[in-house]
Every structure is written in structure tokens, then in C-alpha cells.
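# Results of the structural survey
One letter stands for each residue in the lines below.
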Amino acid sequence: MTDTDRLSVLFEEIGAWQRSVDERPISNTEKEEILNRLRAVHELLPPGNAHIFKDFMRWIMQSWAIVMQRHGDAEAEKWRVFLKEAGDIIGPIPE
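Quantities reported herein were computed from a predicted structural model and do not represent experimental measurements. Counting of residues starts from 1 at the beginning of each chain's written sequence and follows it residue by residue. Per-residue local features of the predicted model are confined to residues with pLDDT of at least 70, and side-chain atom pairs are confined, for both listing and counting, to 80 or more; whole-chain, interface and lining totals are unaffected and use all residues. As a convention, hydrogens and water are excluded, and side-chain values are obtained from all of the structure's heavy atoms.

## Comments concerning the packing of aromatic side chains
Condition: The pairing test for Phe, Tyr and Trp rings, Trp by its six-membered ring, is centres within 6.5 Å, and the orientation test on the planes gives stacked under 30 degrees, edge-to-face over 60, and tilted for anything in between. Strands here are runs of E lasting at least two residues and helices are runs of H or I lasting at least four, both read from the DSSP assignment and numbered beginning at the N terminus. Buried means the residue's accessible area, taken with a 1.4 Å probe over protein chains only, is under 20% of the maximum for its type, while exposed means over 50%, and partly exposed covers the values in between.
Applying the stated criterion across every chain, the model contains five aromatic pairs. Plain terms: the ring middles of Phe56 and Trp59 are 5.7 Å apart, the flat faces sit at 40° to each other, and that makes the pair tilted. Linking Phe56 with Trp59, this pair stays in helix H3 (residues 50–71), spanning three residues, or about one helical turn. On the basis of an interplanar angle of 80° and a centroid distance of 5.4 Å, the ring pair of Trp59 and Trp79 is categorised as edge-to-face. Note that Trp59 is positioned in helix H3 and Trp79 in helix H4 (residues 73–90), a separation of 20 residues in sequence. Neither Trp59 nor Trp79 differs from the other in exposure class; each is buried. Taken together, Phe56, Trp59, Trp79 and Phe82 form an aromatic cluster joined through their ring pairs.

Structure below.
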């Protein structure tokens, strides 16, 4: 499988996970499944694709805010941790 093929599969898998957890509390298992795929994408994706990571981080922040409004701080904390862990994988995102 080529890197492009692998990226295509990873993006499809991440998208499916995003749809399944969107705007609701996230479990540790779900978070780890997404982070594992994010690590693989980060390794395979060539430079010049910062917009993909920016959009991903924006999705986490949006879900964090919605979960905080709907479910409170305790459930939202899981999204805050998810944001930090995703940021640790991605690192600084160039403008």
C-alpha cells in the first residue's frame, strides 16, 4: 500500500470516529483510537498540509465547548485532555 493509499484509509477512519463522537462526551478508548491514527497521519503527511491539522484541532475545540455546555466540566475535561494530547503529537502548526 502506498503512503497516499494509507493516508486515504486513515482519513476515512478518523472521519468515521469523528462522526461517532461528535459533540458528545468522548471515552478514553475512542480518544486513543483517533490519536493512534493521528500519529500515523502525522508521520505520513508531507509538509504543506498544516490546514488539515488546524481543522482537526478546531474540531476538538468546538466539540469541547459543546460538551461543556451540554454535559458540564467533568465530561468536557476529557476533550481538553484530548486537545493537549493531539497538540503534543502535531506540535507547532505553521501559519
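Now that the structure has been shown, we can carry on.
## Side note on the confidence of the model for the protein
Applied cut-off: Here pLDDT means the predictor's own confidence in every residue, given as a number from 0 to 100.
Confidence in the prediction of the protein, expressed as mean pLDDT, is 95, and 99% of residues score 70 or more. Of all secondary-structure elements in the protein, the lowest mean pLDDT belongs to H3, at 95, while helix H2 (residues 28–44) reaches the highest, 97.

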